Each structure stands twice: as structure tokens, then as C-alpha cells.
2 protein chains.
Amino acid sequence: MGQDFYQILRGLRLKATPKRIAMLEILDAERGYLSPEDIWKRMRKQFGRLGLPTVYRNLEGLYGGGVISRVIHPNRQLYYYLCRNEEHHHHFICISCRRVEDVNFCAEKELQDAVTGGIKGKVLSHILQINGLCFTCLQKEGTARAY
Amino acid sequence: MGQDFYQILRGLRLKATPKRIAMLEILDAERGYLSPEDIWKRMRKQFGRLGLPTVYRNLEGLYGGGVISRVIHPNRQLYYYLCRNEEHHHHFICISCRRVEDVNFCAEKELQDAVTGGIKGKVLSHILQINGLCFTCLQKEGTARAY
DNA sequence: CCTTAAATGAAAACTGATTCTGTTTATCAC
DNA sequence: GTGATAAACAGAATCAGTTTTCATTTAAGG
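So, how was this worked out
- Position numbers for residues count from 1 along each chain, tracking the sequence in the order it is written.
- The order in which chains are written sets their letters, starting at A; the order in which ligands are written sets their numbers, starting at 1.
- Where local features are concerned, this predicted model is filtered to residues with pLDDT of at least 70; where side-chain atom pairs are given and counted, the filter is 80 or more; whole-chain, interface and lining totals use all residues.
- Note that water and hydrogens are dropped before the side-chain values are worked out from all heavy atoms of the structure.
- In this comparison the copies share one frame, found by least squares on the C-alpha atoms of residues holding pLDDT of at least 70 in both.
- Pairs of residues are marked as contacts when any of their non-hydrogen atoms sit within 4.5 Å.
- Once two parts are joined, some of their accessible surface, as seen by a 1.4 Å probe, is lost; buried area is that loss totalled over both.
- What counts as a salt bridge is simple: a side-chain nitrogen of Lys or Arg found within 4 Å of a carboxyl oxygen of Asp or Glu.
- In protein, a polar contact requires one atom able to donate a hydrogen and another able to accept it; more generally it is a pair of N or O atoms within 3.5 Å, and residues adjacent in sequence count only if both atoms are side-chain atoms.
- Numbering goes from the N terminus for both helices and strands, where a helix is a DSSP run of H or I of at least four residues and a strand is a run of E of at least two.
- Amino acids outside the nonpolar list (Ala, Val, Leu, Ile, Met, Phe, Trp, Tyr, Cys, Pro) and the charged list (Asp, Glu, Lys, Arg) are all regarded as polar, and Gly is one of them.
- To estimate how far a helix should reach, multiply one less than its number of residues by 1.5 Å.
- Remark: exposure states derive from per-residue accessible area (1.4 Å probe, protein chains only) relative to the maximum for the residue type, with buried under 20%, exposed over 50%, and partly exposed in between.
- Our arc is simply the arc of the directions from the helix axis toward the C-beta atoms.

Chemist: Let's hear about the relation of the copies chain B and chain A: which residues, and what values?
Modeler: Superposition of chain B onto chain A requires a rotation of 179° combined with a translation of 0.1 Å along the rotation axis, giving an RMSD of 0.1 Å. Considering both components of the superposition, the chain copies are consistent with a two-fold axis. If distances are taken from each C-alpha of chain B to the rotation axis, the shortest is found for L128(B), at 2.2 Å. Most of the interface of chain B is mirrored in chain A: 100% of its interface residues are interface residues there too.

And the structure:
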């Protein structure tokens, strides 16, 4: 699995440093999204000394390469998570447990057309992010983590 | 027109202070989105001394009340614009000239269903924002403002 | 008017993110 | 292996946008 990430980084012309590999492993082990600081704290357990700027730099590189995706939390912070299947870009994020779920759109194709079509200008990018409480957190809504 | 905003603020249980009215007038006069600092600069021409925190506080209140909407620019800053028609929530934003255009979705209804339906959890909010270059900026792409 | 809760200005603090500089390290050619 | 080199790194300083605090002012309703 680690070697897997190695190949991905090679493809992006990014050096396969132990820290980058570790970042991808951390994100892979997580079913949800993590803040840069979350990642930093976990990495310090492995590496001891480690700069927070390194985490930001690598997140930027990995995000630019499309290996990881990011989420804008209602609290305005940015969080990151690993992209698992590249053809699927839309997610439902739970703002309580921070889990990221694929959205099984009945009309994913129509959605794409709606987003990119019917516009006179040129679409460069779009953000579609659905925030809510996942089914699990909904059950125990009273005890959900503050957000 | 100013009286119009007065009523809106009353409805939100926000005091109709001259500064809040002015903010709404500034946003109304603009066809595009403005940064908090943009708004602050324009207000200082009217009011002389004026604190930037006041702008932030009022933006928060107006945004909470749904009178204004906001945009996350690719440069990661937040910008605000006036909501003109409440039933229509999706916009195309030009990241060059900062104009906000309504999107005339052929399938706005299907889009809504796709966003809110088919999810086991509870949808609390969503962000759908389409970034690009408007038709005008597309023509003069070489001279478009940096973003 | 007059009272009161809300809004404001000013200064300071916070926070996430970035820049800078010198050092270390992964990669690749040999 | 070994050395060269371009990238990555740590640590400190810095930055910009935003928020807090607190004393003062002001709008709204009686």
C-alpha cells in the first residue's frame, strides 16, 4: 500500500519523501477529513520534529495534483481528505463526525450538465459540497460534537 | 430604496443603523461581489472613521439573515454580494471581473433534487458555486485581472 | 424625552497560512 | 556504492484576514 503511494507521487513529479508518504497513509487511514493541524499532530508522533509549513506545502502539492481533495467547513477552515475514486467528485460531508461520503446521485450526469452547461462564459471550476449530519450522527444528535 | 432596506432590517430584528443601510446600498449598487475591505473603503468615504470590525460584524448579521450571500474565491478569501431574488440560490461568478450572474439552469429543479435527495443523513446546507470567466472577460482574456 | 439593548470605535489579540534562510535528503547519473 | 543537484525540510519570523474586548454611542420603543 505504501508502494502504491510511491507510484502516485512519481506520477505527479513529486519526490516520494517519507513525510509525503506518511501524509497519504494518514489520510488513507481516515474515513473523514482532517485539518492541517490534525495531520501535523499525527505526523509528529512518527517523526518527532516536523514543521507545520511542511504539512501545508505538501497538502498544497497533493491537492494540486488531485490526489487529495478539500472541504470548506462551515467554520471556514479548510480540511483535506484522500480522493478514492477520481471519476466521482461530489461528496456529502458530516460536519459532526467529519466523515466524507460519496453521494449516489440519481442524476450525476444531469448535475454535471447543469453545472457546466447553459453558461455563456467559461467554467473553470466549481464547488459542490453538501454539508449535513450523517445517518449515524443523526441518531445521536444530542451528543454530536460541536461545530 | 433606502426605506426598502429599512424594512428588511426590521424583519431581521437588526437595528437599521445608517451604516447597515449604507452597506446594503453599496452592495446593491455593485453588480458583483466585494471583499469586506472593499466595502470598508467605500464606507469610509461616507463616514470618515469606521472600524473594520463593524463591517465584519454587519456582514455576519446580514449573511445570517440571508440578505446577502457569499462566495469563496479561488484565492480563498470570502466575498459578499446582495441576494436579489431569494428563490434562486445558484450563481456563476466571474473570478476576473467579480460579476455574479444568475445561472439559468435548464434543470434547476433536478439539481436541487440531486443535491438534497438520495442522502441517508440530514442535509443542513450546501455550497454550489461555479467559477469561471464571464463572456465579457473571455473576450479580453489576455488582459483579465489577476486572481 | 428617556430608557435600554444593540451597535460602534479603537486597540489588541488570534489564527490559519506563508515566506525566508540555511540545512538536509531523495533521486539519478556515474 | 558514490557524488552531484535539485527538491524538501525545520524553525523562526511574518502576514493578512478576522475576531475579541471594553468603554462609549446610538437607534428603537415606551
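Chemist: So what about the interface of chain B and chain A? Which residues, and what values?
Modeler: Each partner contributes to the interface: chain B provides 33 residues, whereas chain A provides 33 residues. Summing the contributions of chain B and of chain A, the shared interface buries around 2900 Å²; its carbon and sulfur component is 64%. Between the two partners, chain B and chain A, sit zero salt bridges. Linking chain B to chain A there are four residue pairs in polar contact (both at pLDDT 80 or more). Breaking the side of chain B that touches chain A down by element, the ones donating at least two residues are β1 (68-72), β2 (78-82), α5 (108-116), β5 (122-133) and α6 (135-139) of chain B. Here the element with the most residues in the side of chain B that touches chain A is β5(B); it accounts for 12 residues. Residue classes in the side of chain B that touches chain A are distributed as 21 nonpolar, six polar and six charged.

Chemist: For helix α4 (residues 52-64) of chain A, give the residues involved together with the corresponding values.
Modeler: Residues and elements named next belong to chain A. Here α4 contains 13 residues, and its C-alpha end-to-end distance of 18 Å stays within 8% of the 18 Å for a straight helix at 1.5 Å per residue. For α4, the full list of buried residues reads T54, V55, N58, L59 and L62. Along the long axis of α4, the arc covered by the buried residues comes to 130°, so they all point the same way. Of the residues in α4, the exposed ones pointing more than 90 degrees away from the buried face are R57, E60 and G64. Following α4 by one or two positions, G66 has its phi on the positive side, about 80°.

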